[in-house]
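Here is how the chains run, residue by residue.
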Amino acid sequence: QVQLVESGGGLVQPGGSLRLSCAASGSVFSIYAMGWHRQAPDKQRELVAITTDGGSPHYTDSVKGRFTISRDNAKNTVFLQMNSLKPEDTAVYYCYAQAKERVGDRWSAYWGQGTQVTVSS
């Protein structure tokens, strides 16, 4: 089983910054994609940013120019640098990975348990 463990959430004032980290561990044979989704109260979960092997990072429009996703393949870790945070960025942020546990497996989706980000003065 692949486990994803997030860290770095918290309370920050508008205009501030936070850096989220997510490390994959367990039976990790290969990871194709890693990224972040978020879910605000009474809203659907949405993709925030994702990075894939050999591809360019993708961001939802509302965070372009403010958030940066990066990945350390050697450590199976993905980061989300969040700058110029706004109250509307308040949500639970979930780490996501598309990975295989064994060489013959199909790609499967894995989720972290989430970390709260609150942007408020």
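Refer to the structure presented above.
Residues numbered from 1 in each chain as written. Predicted model: local features only at pLDDT ≥ 70, side-chain atom pairs only at ≥ 80, totals over all residues. Heavy atoms only, no water.

Student: Is there a simple way to explain the sheet that holds strand E1 (residues 2-7) in this structure?
Tutor: Sheets are built from strands paired through backbone hydrogen bonds, the pairs being either parallel or antiparallel. In space, the 4 strands of this open sheet follow the order E1-E3-E8-E7, with antiparallel pairing throughout. Of all the strands in the sheet, the pair left with one neighbour each is E1 and strand E7 (67-72). Across the sheet, the mean angle from the axis of one strand to that of its neighbour is 15 degrees, orientation sign disregarded. Alignment of E7 against strand E8 (residues 77-82), held across 6 bridges, turns out to be antiparallel. Note that in E8 the partner of Asp72 across the bridge is Thr77. (Pairing = 2+ DSSP bridges. Helix = DSSP H or I, 4+ residues; strand = E, 2+ residues; numbered from the N terminus. Axes fitted to C-alpha atoms, helices over the stretch in contact; angles between N-to-C directions.)

Student: Please explain the nonpolar core as it appears in this structure.
Tutor: The nonpolar side chains of soluble globular proteins are, as a tendency, buried together. Core analysis: the largest hydrophobic core is formed by 29 residues, its most contacted members being Leu4, Met34, Trp36, Leu80, Met82 and Tyr93. Going through the elements one at a time, E1, strand E3 (18-26), strand E4 (30-39), strand E5 (46-52), E7, E8, strand E9 (91-100) and strand E11 (115-119) are the ones with two or more residues in this core. Broken down by element, this core gets its largest block of residues, 5 residues, from E9. (Core = buried A, V, L, I, M, F, W, Y, C linked by side-chain atoms within 4.5 Å. Buried < 20%, exposed > 50% of the residue type's maximum accessible area, 1.4 Å probe, protein only.)

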